[in-house]
Amino acid sequence: MINPEVARAFIFFGAGVCTGLASIGAGFGEGQIAGYTMKAIGRQPGAKDTLLRSMLISQALTESGAIFALVVSLLLLFGGFLNASLDLVKSTALLASALAMGLGSLGPSFGSGHAGAEACDGIGRTPSQTLPITTNMLIGQALSQTASIFALVVSFLLIYTVPSVSANQEAGYQIMRSLAFMGAAIAMGIGSFGPGVGVGYIAGQAGKMLARYKEQQSLLMRTMFLSSAVAQSTAIYALVVSLLLIFM
């Protein structure tokens, strides 16, 4: 076991970093959506109600990663860990869970923000295309947030499946396990950035083209699904490596 104050420091630091990192992506993405919506309202004031509704829906989806991070932070602070006797390995696992979720929400939030912003801009340009553009936006944002869901899964695994090691375990073993958990957090956290941003960019461009070429809706949607699946594959690689580091 380590000093209880040191264990609490790991938890406090992790909770702060988790929510802080997640707030960066969510705040930027939601601000981008609002900015494009105001431009669209200036262009099409008659569609303000539709645009405001689309803005709020897309902002809510963009905030998903920040909500996941808030849940993880609250679990760390109020899940009974502060009063428990923790060793180095368990303390590091809790810190790693926070890093996984905090880093893992950045890319998906940026990507969702871009998809929502382009959708609102497209609705402002072609209000008659509101339904297909909104549908594309919702699907694209959901696909973009997949990586943050992977990060949430890794975070929960680090919180609830890592047992405390016995007191007679060698220091080298404890350090090895601790670094493995940190590696899992970094793999999933950083590994979700590119897919989250990339899929959001794909969805944003699809929404932009739907506003211009409505007769190409089926082709654009098929292409978005295919390209998003390819872009999302790297997040799956990161998830697999994270799981191996946790359970091997």
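Right, let's walk through the structure included here. (Residues numbered from 1 in each chain as written. Predicted model: local features only at pLDDT ≥ 70, side-chain atom pairs only at ≥ 80, totals over all residues. Heavy atoms only, no water.)

### Remarks on the packing of helix α4 (residues 88-104) against helix α8 (residues 171-191)
Right, so step 1: As a packed pair, α4 and α8 sit with axes 7 Å apart at the nearest point and diverge in direction by 10 degrees. Our classification of the angle between α4 and α8 gives roughly parallel. Contacts between α4 and α8 involve Leu88, Val89, Thr92, Ala93, Ala96, Leu99, Ala100, Leu103 and Gly104 from the first element and Gln174, Arg177, Ser178, Phe181, Met182, Ala185, Gly189 and Ile190 from the second. (Axes fitted to C-alpha atoms, helices over the stretch in contact; angles between N-to-C directions. Helix = DSSP H or I, 4+ residues; strand = E, 2+ residues; numbered from the N terminus. Parallel < 35°, antiparallel > 145°, perpendicular 65-115°, else oblique. Contact = heavy atoms within 4.5 Å.)

### Description of helix α3 (residues 64-78)
Helical geometry note: an α-helix holds 3.6 residues per turn, so side chains three or four residues apart project in the same direction.
Right, so step 1: The end-to-end C-alpha distance of α3 is 21 Å, a good match for the 21 Å that 15 residues give at a rise of 1.5 Å each.
Right, so step 2: Those residues of α3 lying buried are Ser64, Gly65, Ala66, Ala69, Val72, Ser73 and Leu76.
Right, so step 3: Elements in contact with the buried residues of α3: α1 (4-43), α2 (48-62), α4 and α7 (146-160). (Expected span 1.5 Å × (residues − 1). Buried < 20%, exposed > 50% of the residue type's maximum accessible area, 1.4 Å probe, protein only.)

### So, the side chain of Ser109
Right, so step 1: Here Ser109 is to be found in helix α5 (residues 106-125).
Right, so step 2: What makes Ser109 buried here is its relative accessible area of 0%.
Right, so step 3: Within the local environment of Ser109, its side chain forms a polar contact with the backbone oxygen of Ser105, the two atoms lying 2.8 Å apart.
Right, so step 4: Setting aside residues no more than four positions away along its own chain, Ser109 makes contact with Gly25, Ala26, Gly29, Thr62 and Gln145. (Polar contact = N/O pair within 3.5 Å; in protein donor to acceptor, adjacent residues only side chain to side chain.)

### Considerations on the packing of aromatic side chains
Right, so step 1: Enumeration over the complete set of coordinates arrives at 2 aromatic pairs.
Right, so step 2: Between Phe28 and Phe110, the aromatic rings sit 5.4 Å apart at their centres with planes inclined by 80 degrees, giving edge-to-face as the arrangement. Here the residue Phe28 occupies a position in helix α1, and Phe110 occupies one in helix α5, the gap between them amounting to 82 residues.
Right, so step 3: Its relative accessible area of 21% is what places Phe110 among the partly exposed residues.
Right, so step 4: Put simply, the rings of Phe28, Phe110 and Phe193 pair up and form one aromatic cluster.
Right, so step 5: Here the guanidinium or amino end of Lys39 rests over the ring plane of Tyr36, the centre of that ring lying 4.9 Å away. (Phe/Tyr/Trp six-rings, centres within 6.5 Å; stacked < 30°, edge-to-face > 60°. Lys NZ or Arg CZ within 6 Å of the ring centre and 35° of its normal.)

### Remarks on the pattern of salt bridges
Right, so step 1: Inspection of the entire model under this criterion finds 4 salt bridges.
Right, so step 2: Note that Arg43 and Asp121 form a salt bridge whose closest N and O atoms lie 3.5 Å from each other. Taken together, the residues Arg43 in helix α1 and Asp121 in helix α5 connect sequence positions 78 residues apart.
Right, so step 3: Residue Asp121 is classed as buried on the basis of its relative accessible area, which comes to 7%.
Right, so step 4: As a salt-bridge pair, Arg125 and Asp121 come within 3.0 Å of each other at their nearest N and O atoms. Placement of both Arg125 and Asp121 in helix α5 is noted, with a separation of 4 residues, approximately one turn of the helix.
Right, so step 5: The class of Arg125 is partly exposed, set by a relative accessible area of 43%.
Right, so step 6: Taken together, the shared-partner salt bridges connect Arg43, Asp121 and Arg125 into one network. (Salt bridge = Lys/Arg side-chain N within 4 Å of Asp/Glu carboxyl O.)

### Some words on the environment of Ser85
Right, so step 1: Mapped onto the elements, Ser85 comes out in the loop between α3 and α4.
Right, so step 2: Here Ser85 falls in the exposed class, since its relative accessible area comes to 58%.
Right, so step 3: For the pair Ser85 and Leu138, spaced 53 residues apart in sequence, the C-alpha separation works out to 44 Å.

### Quick notes on the environment of Phe247
Right, so step 1: For Phe247, the position within the fold is in helix α10 (residues 217-247).
Right, so step 2: Separated by 57 residues in the primary sequence, Phe247 and Ile190 place their C-alpha atoms 20 Å from one another.
Right, so step 3: When sequence neighbours within four positions are dropped, the list of residues in contact with Phe247 reads Leu157 and Thr161.

### Considerations on α8
Right, so step 1: Counted at 1.5 Å a residue, the expected span for α8 with its 21 residues is 30 Å, and the 29 Å between its end C-alpha atoms agrees.
Right, so step 2: Those residues of α8 not exposed but buried are Gln174, Arg177, Ser178, Ala180, Phe181, Met182, Ala184, Ala185, Met188 and Gly189.
Right, so step 3: Summarising the contacts, the buried residues of α8 are in contact with α4, α7, α9 (193-212) and α10.

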